[in-house]
Amino acid sequence: MKRITIHQYIIVLAATALLGVSCGKDFLDLNPEATINGNVFYKSEDEIKQAVNAAYNVLQDLGRESYWIFGEMRSDNTAFQYNNADRGREQWEFVDEFLVGATAECISNFWRISYIGISRCNDVLAHIGEVSMSDDARNQYTGEVQFLRAFHYFNLVRQFGGVPLRLNAVQSPDSSLSKGRASVEQVYARIISDLTAAAATLPASYSGADVGRATKGAASTLLGKVYLTQKKYTEALTELRKVTTMGYQLLPDYADVFDPGKKNGPESIFEIQYLGSQTGLFSTFMYTFAPYTSGSAVTGDTKTGINGSGSGWNIPTQDMIAAYETGDKRKAVSMADGYTSNGVFVNIPWVKKYNHGFTEVGRTNDNFPVLRYADVLLMIAECLNEQGFVANGEAFDLLNQVRTRAGLPGKTAATVSSQAAFREAIFHERQVELAFENHRWYDLLRTDNIITLMNAHGVKEKQQHAYIPANAYQLTQNRLLLPIPQTDINLDGLEQNPQ
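**Quick look at the packing of aromatic side chains**
In this structure the tally under the stated criterion is 28 aromatic pairs. Pairing Phe98 with Trp441 gives two aromatic rings, centres 5.8 Å apart and planes at 40°, and the pair type is tilted. Of this pair, Phe98 sits in the loop between helix 4 (90-97) and helix 5 (105-127) while Trp441 sits in helix 16 (residues 440-445), placing them 343 residues apart in sequence. Each member of the pair, Phe98 as well as Trp441, carries the same accessibility label: buried.

Below, the structure written as structure tokens:
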């Protein structure tokens with residue numbers, strides 16, 4: 001189905017307005033009583049808070065599709081269960097196989113919804129100075145949308161390279177057009193500026209219904225990750241050290257991190273919030289990640305069919321399964337090797353991390369983790385190692401905190417005896433600790449051998465699955481970036497990424 005872009009939507013509104021003018025004033029009511037627009041909204045603190053909430057809302061849509069398609073399936077962690085009878089999501093398969101093109105709906109969705117989120121942040125920033133409220137409230141709401149805008153741009157720049165920097169509220173059709181693609185350096189400069197400001201003003205925590213909003217810890221963690229991505233290890237370490245003083249801690253039981261009954265716990269820094277009991281706010285990962293052949297054997301929901309193209313996604317690969325060491329408690333929490341149907345075991349692995357039953361038919365209550373404390377410990381260990389290998393030093397202690405919880409023996413300099421070896425140990429630990437949380441592709445990008453690793457992974461995938469096209473998994477430097485959606489190339493005059 002062809003989707004309209006946000007730019008097209010603005011242009012259509014403008015054209016409709018002009019048509020109304022040409023037909024007479026009676027046909028055009030600029031402020032209809034049944035609707036709300038920017039001329040009458042943003043007049044109170046409560047309305048600003050509603051606008052901030054709307055900026056969070058787009059994360060739910062992105063979490064249900066874009067984040068795991070491009071952060072997990074694009075990596076060697078997961079692929080898909082081939083559905084010969086239903087080819088409705090072939091473009092998702094092409095993402096995994098590095099064959100996706102500029103007209104793919106999933107790419108357009110990722111781009112479009114991200115910029116809707118950015119636009120909502122810009123609207124808040126454009127109006128918050130005009131509204132009477134306390135300084136604390138103004139600082140909080142400003143920091144929240146700065147964090148969210150930075151989060152969107154961080155995802156976009158890592159997937160598309162330089163992208164348009166849209167930093168102002170759209171006031172007219174002409175102002176919706178960009179000035180072209182900013183450079184990667186310019187995008188990162190804006191991300192860092194927003195996160196630095198957010199970290200300075202956001203509260204350390206919330207209570208009641210506000211739990212789950214962006215905090216000072218979330219801003220510093222994301223800023224540390226940004227610096228780490230840029231290989232600015234000193235700056236990253238400075239930000240991440242701050243997070244260790246904010247009261248976060250590893251939970252004793254890895255499974256508790258993902259339990260919907262223990263949402264936003266001591267290890268959680270930022271999660272995409274879902275509410276299984278409310279229409280439009282629930283999650284569906286359990287159904288999406290279940291093999292489409294499993295009926296209700298995986299979900300336990302006999303009233304929700306999963307035999308179409310909406311299931312069988314984010315299926316763990318053999319590379320992912322092999323990454324778990326013997327005795328690693330995280331494997332049984334994160335994935336299953338298959339399912340049992342009518343007393344017969346079916347050897348199709350599936351992501352189990354978000355499988356906690358349903359709240360209502362077709363609805364689940366699982367949040368999706370974005371930032372958590374185990375990630376912080378591993379990032380600090382990585383920064384320390386990049387600054388200089390120290391045998392059995394602090395970096396080892398941090399790594400081993402994560403491994404001990406998983407039931408694994410600690411690493412020592414007896415077997416991890418160099419900076420390169422420790423770098424590989426951290427890389428491996430991140431894969432299994434953060435499995436199916438949309439970190440893997442971005443971690444691969446930070447290595448020097450992503451092309452070699454992913455092409456070798458592709459060889460194994462093609463050996464295992466005859467349905468994979470011969471030209472799949474032929475990753476090149478150009479294909480590290482996604483193509484810009486063709487509609488935006490045409491409408492906004494943007495330069496396409498070489499493919």
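**Structural notes on the nonpolar core**
Side chains that are nonpolar tend, in soluble globular proteins, to be buried together. The biggest cluster of nonpolar side chains holds 116 residues, and the ones touching the most others in it are Ile48, Phe147, Phe160, Ile191 and Phe270. Tallying contributions element by element places helix 6 (residues 135-160) first for this core, with twelve residues. Sequence-distant contacts of Phe270, that is, excluding residues within four places in its chain, are made with Tyr56, Leu59, Phe147, Leu148, Gly212, Arg213, Ala214, Ala218, Pro369, Val370 and Leu371. With twelve residues, the next largest nonpolar core counts Trp441, Tyr442, Tyr473 and Leu475 among its residues.

**What about helix 14 (residues 394-405)?**
For helix 14, built from twelve residues, the straight-helix expectation of 16 Å at 1.5 Å per residue is met to within 8% by its first-to-last C-alpha distance of 17 Å. Check the buried side of helix 14 and you find it contacts helix 12 (330-334), strand 8 (368-372), helix 13 (373-387) and helix 15 (419-433). At the C-terminal side of helix 14, Gly407 shows a positive phi close to 80°.

**Focus: the packing of helix 2 (residues 45-64) against helix 5**
Relative to each other, helix 2 and helix 5 sit at 165°, their axes nearing to 9 Å. What the angle tells us is that helix 2 and helix 5 run roughly antiparallel. Both helix 2 and helix 5 take part in a crossing whose hand is left-handed. In contact with Ile48, Ala51, Val52, Ala54, Ala55, Asn57, Val58, Asp61 and Leu62 of helix 2, helix 5 contributes Phe110, Ile113, Ser114, Ile116, Gly117, Arg120, Cys121, Val124 and His127. Of the residues in the contact of helix 2 with helix 5, the class split is twelve nonpolar, four polar and two charged.

**Overview of the pattern of salt bridges**
Summed over all chains, the structure comprises 33 salt bridges. One salt bridge connects Arg87 with Glu93, and the closest N-O pair in it is separated by 2.8 Å. Owing to a relative accessible area of 5%, Glu93 belongs among the buried residues under this scheme. In this structure, Lys242 engages Glu239 in a salt bridge whose closest nitrogen and oxygen atoms are separated by 3.1 Å. Of this pair, Lys242 and Glu239 are both found in helix 9 (residues 233-243), three residues apart, which corresponds to roughly one turn of the helix. What you see here is one network of salt bridges that share partners, running through Glu267, Glu325, Asp328, Arg330, Lys353, Arg372, Arg403, Arg405, Glu429, Glu433 and Glu437.

The rules behind the values
Residues numbered from 1 in each chain as written. Predicted model: local features only at pLDDT ≥ 70, side-chain atom pairs only at ≥ 80, totals over all residues. Heavy atoms only, no water. Phe/Tyr/Trp six-rings, centres within 6.5 Å; stacked < 30°, edge-to-face > 60°. Helix = DSSP H or I, 4+ residues; strand = E, 2+ residues; numbered from the N terminus. Buried < 20%, exposed > 50% of the residue type's maximum accessible area, 1.4 Å probe, protein only. Core = buried A, V, L, I, M, F, W, Y, C linked by side-chain atoms within 4.5 Å. Contact = heavy atoms within 4.5 Å. Expected span 1.5 Å × (residues − 1). Axes fitted to C-alpha atoms, helices over the stretch in contact; angles between N-to-C directions. Parallel < 35°, antiparallel > 145°, perpendicular 65-115°, else oblique. Left-handed = near helix turned anticlockwise from the far one by under 90°. Nonpolar A, V, L, I, M, F, W, Y, C, P; charged D, E, K, R; others polar. Salt bridge = Lys/Arg side-chain N within 4 Å of Asp/Glu carboxyl O.

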